[in-house]
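# Chain and residue survey
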Amino acid sequence: MRTLINLIIILFSLTLLNCKQSDPIETEYTLIWEDVFGGNAIDTINNWEFQIGDGANYGLWRWGNNEDQYYRKENARVSNGKLLIKAVAEDYNGYSYTSARMRTKGKVDFKYGKIEAMIRMANTKGLWHAFWLLPSNPSQNWPMSGEIDIMEYVGNAPHEILNTLHFADNFDNHQYIGSATPFTEDNQFHLYSIEWDENKIIWYFDDEETFRVIRSNPNISSTWPFDTEFHILLNTAVGGNLGGTIDATSLQYPKYMEVDYVKVYQKLE
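Residues numbered from 1 in each chain as written. Predicted model: local features only at pLDDT ≥ 70, side-chain atom pairs only at ≥ 80, totals over all residues. Heavy atoms only, no water.

## Quick word on the pairing of strand β13 (residues 174-182)
- Pairing of strand β12 (residues 160-168) with β13, which is carried by nine bridges, proceeds in the antiparallel orientation. Looking at β13, one finds that L165 is bridged to I177.
- Connecting the antiparallel pair β12 and β13 is a turn made up of five residues, with D172 showing a positive phi of about 65°. (Pairing = 2+ DSSP bridges. Helix = DSSP H or I, 4+ residues; strand = E, 2+ residues; numbered from the N terminus.)

Spelled out as structure tokens, the structure:
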């Protein structure tokens, strides 16, 4: 009898072990969109729209930041599986510099999730690289509608990466909460990402958490605008309020923001 009981226990244990080994591994997020920049051209049908000019057509002359570049579609291209956004000194439409600005508005809009991009950037003085989010159909103007800056890198401050939230207080005054992550100039690609849900936004650098803002923060809790669909922007500005003094000599030669991929994940239901 004891032998039979022991045999049953062994068989039951083996069954549990086999079930455990065959169960699929659950993941917190699932990929819902990506652009890995394959092929020979930027996908302007399904993924990206170019914003052209000095911002005047969007009611943002010099893009609201006193920037010194004119954005052109021709300053962005795909090469060897990478997106290349080029900033360069050249006279165009009354401006001394050109670059490119792209967004997914109306093509890839999403609410919450994990958003990441693998990026390498030139550290030339005056350049202001950005990977960021804006609301796609805001019910209010900026800053009440909010802005999520996943990554900003400024050539005049080459040893830090900026992570910032923009919003408004109860009187519609511009407010922001931000952090600077130490950065070593190594001319390598790095992964910049956030995790965003109804209660918090967390920033990561190469999968290491660097900063977080929780909704219960008294500075933002009453006006939290981050519960609507946003879209992705990629651009390199020249000069402006944050870009600062420009190294015009270095920009006689093209400088780049290189993007290996952009991906959006969302939690499984």
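## Quick look at the packing of aromatic side chains
- The tally for this structure, following the rule as stated, stands at 15 aromatic pairs.
- Judged by centre distance (6.3 Å) and plane angle (65°), the rings of F110 and W196 are edge-to-face. Residue F110 is found in strand β8 (residues 109-110), and its partner W196 is found in strand β14 (residues 190-196); the two are separated by 86 residues along the sequence. Here F110 matches W196 in class, with each residue buried.
- For the ring pair W224 and F226, a centre distance of 5.2 Å and an interplane angle of 85° mean the geometry is edge-to-face. Each of the two residues, W224 as well as F226, counts as buried.
- An aromatic cluster is built from F110, Y112, W196, W224, F226 and F230, whose rings are joined through pairwise contacts.
- Between K114 and the ring centre of Y265, over which it is positioned, the NZ or CZ distance is 5.8 Å. (Phe/Tyr/Trp six-rings, centres within 6.5 Å; stacked < 30°, edge-to-face > 60°. Buried < 20%, exposed > 50% of the residue type's maximum accessible area, 1.4 Å probe, protein only. Lys NZ or Arg CZ within 6 Å of the ring centre and 35° of its normal.)

## Observations concerning the side chain of D149
- Residue position: D149 is located in strand β11 (residues 147-154).
- It is R101 that comes nearest to the buried, bridge-free D149 among opposite-charge side chains, at 9.5 Å.
- If we skip the residues at most four places from it in the chain, D149 touches F131, W132, L162, N163, T164, H166 and W203. (Lys, Arg positive; Asp, Glu negative; His and termini not counted. Salt bridge = Lys/Arg side-chain N within 4 Å of Asp/Glu carboxyl O. Contact = heavy atoms within 4.5 Å.)

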